[in-house]
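Spelled out from the first residue to the last, the chains are:
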Amino acid sequence: MSDPTEGNGTAGTAGADEAAQRAQPAGDGAGERRVRVVLVDDHRMFRTGVQAEIGQTAVTGVEVVGEAADVDQAVTVITATRPEVVLLDVHLPGGGGVEVLRRCAPLMSDAERPVRFLALSVSDAAEDVIGVIRGGARGYVTKTITGTDLVNSVFRVQEGDAVFSPRLAGFVLDAFASTDAPPVDEDLDRLTQREREVLRLIARGYAYKEIAKQLYISVKTVESHVSAVLRKLQLSNRHELTRWATARRLV
């Protein structure tokens, strides 16, 4: 990750200033509030971009105190730094965002210094949203969010509010509208978040190469995920897998 203070020219400084101005929360001065944040995402360039967009602490009030690229790293960094808010990707190596939430449950329930989670993901699938909310996340926003809105969302979550991108809020309302919790699909729960994503794309007719390109993984990794899904669901081929996914409205 490059240091925005490197170099003697003014171009880098101007770019950082512009990013900070875009991310500045409306109506709040820099000295009025602070929040410590950990970024969890398996794409380094995305973490770098978020850091540049919201991490100008003097302007935004957001201090990025740690980063992680997979589940194990995330649990280690979150436990060590005890941030107020974690920006959490849903699809992570090692079990996904839900596994991070499960392993950090004691930190979330700490009455004096609770660690709160805000999912930040490219996925807008209902099962992803509901999965992390069940796991204890306080909100879910997609990666199309602006820097300004992301900063404000972080502060709202720090204060205990629930925050969702507009369309995603409907998923949660529908899922928890009744007094009874939605039924748990035990077969689906056997799959990791990444396996679910591969499952959906296979069921939609994508070729392995297309899935690899869309998820930024290798074809061999796609094949490994498909094999794992077939084994866990006790299915024989992608045609049975497609029928299984369609029956559960995952396509």
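Residues numbered from 1 in each chain as written. Predicted model: local features only at pLDDT ≥ 70, side-chain atom pairs only at ≥ 80, totals over all residues. Heavy atoms only, no water.

Draft legend 1. Molecular detail of the sheet that holds strand 5 (residues 139-142). Ordered in space as 2-1-3-4-5-6, the 6 strands form an open sheet in which the pairing is parallel. Edge positions in the sheet fall to strand 2 (62-68) and strand 6 (163-164), since each has one partner strand and no second. As judged from the 2 bridges shared by strand 5 and strand 6, these two strands associate in the parallel manner. Bridge pairing in strand 6 places Tyr-140 opposite Phe-164. Across the sheet, helix 8 (residues 147-158) touches strand 1 (35-40), strand 2, strand 3 (85-88), strand 4 (116-121), strand 5 and strand 6, and the angle it forms with strand 4 is around 150 degrees. (Pairing = 2+ DSSP bridges. Helix = DSSP H or I, 4+ residues; strand = E, 2+ residues; numbered from the N terminus. Contact = heavy atoms within 4.5 Å. Axes fitted to C-alpha atoms, helices over the stretch in contact; angles between N-to-C directions.)

Draft legend 2. Representation of the confidence of the model for the chain. Mean pLDDT over the chain works out to 82, with 81% of the residues at or above the 70 mark. Per-element mean pLDDT across the chain ranges from 45 in helix 1 (residues 11-23) up to 98 in strand 3. Per-residue pLDDT stays below 50 along residues 1-30; that stretch engages in 33 contacts with residues further than four places along the chain or on separate chains. (pLDDT = per-residue confidence, 0-100.)

Draft legend 3. Up close: the side chain of Arg-33. Within the secondary structure, Arg-33 sits in the loop between helix 1 and strand 1. Note on Arg-33: relative accessible area 19%, which makes it buried. A polar side-chain atom of Arg-33 sits 3.2 Å from a polar atom in the side chain of Asn-152. (Buried < 20%, exposed > 50% of the residue type's maximum accessible area, 1.4 Å probe, protein only. Polar contact = N/O pair within 3.5 Å; in protein donor to acceptor, adjacent residues only side chain to side chain.)

Draft legend 4. Just the pairing of strand 4, in detail. With respect to burial, strand 4 is a largely interior element, 5 of its 6 residues being buried. Looking at chain direction, strand 3 and strand 4 are connected through 4 bridges and run parallel. Across the sheet, Leu-88 pairs through a bridge with Ala-119, a residue of strand 4. Alignment of strand 4 against strand 5, held across 4 bridges, turns out to be parallel. When the sheet's bridge partners are listed, Ser-121 is paired in strand 5 with Thr-142.

Draft legend 5. A look at the pairing of strand 3. Burial along strand 3 is two-sided: Val-85 and Leu-87 facing one way and Val-86 and Leu-88 facing the other are all buried. Where strand 1 lies against strand 3, 4 bridges are found, and the strand directions are parallel. Paired with Val-38 across the strands is Val-86, a residue of strand 3.

Draft legend 6. Main features of the pattern of salt bridges. The tally for this structure, following the rule as stated, stands at 12 salt bridges. Between Glu-127 and Arg-200 there is a salt bridge; the shortest N-O distance is 2.4 Å. Taken together, the positions of Glu-127 in helix 7 (residues 126-135) and Arg-200 in helix 11 (residues 193-203) put the pair 73 residues apart, joining distant regions of the chain. Taken together, the shared-partner salt bridges in this structure form one network comprising Glu-127, Asp-128, Glu-197 and Arg-200. (Salt bridge = Lys/Arg side-chain N within 4 Å of Asp/Glu carboxyl O.)

Draft legend 7. Region of the structure containing unusual backbone geometry. In this structure, Arg-82 takes a positive phi of about 50 degrees despite not being glycine. Of note, the phi angle at Gln-234 is positive, near 55 degrees, even though the residue is not glycine. Relative to the helices and strands, Gln-234 resides in the loop between helix 13 (219-233) and helix 14 (238-247).

Draft legend 8. Fine view of the packing of helix 2 (residues 44-54) against helix 8. Viewed as axis vectors pointing N to C, helix 2 and helix 8 meet at an angle of 85 degrees, and their least axial separation amounts to 9 Å. In terms of their interaxial angle, helix 2 and helix 8 are classed as roughly perpendicular. Where helix 2 abuts helix 8, its residues Val-50, Glu-53 and Ile-54 lie against Gly-147, Leu-150 and Val-151. Looking at the contact of helix 2 with helix 8 residue by residue, the class counts come to 4 nonpolar, 1 polar and 1 charged. (Parallel < 35°, antiparallel > 145°, perpendicular 65-115°, else oblique. Nonpolar A, V, L, I, M, F, W, Y, C, P; charged D, E, K, R; others polar.)

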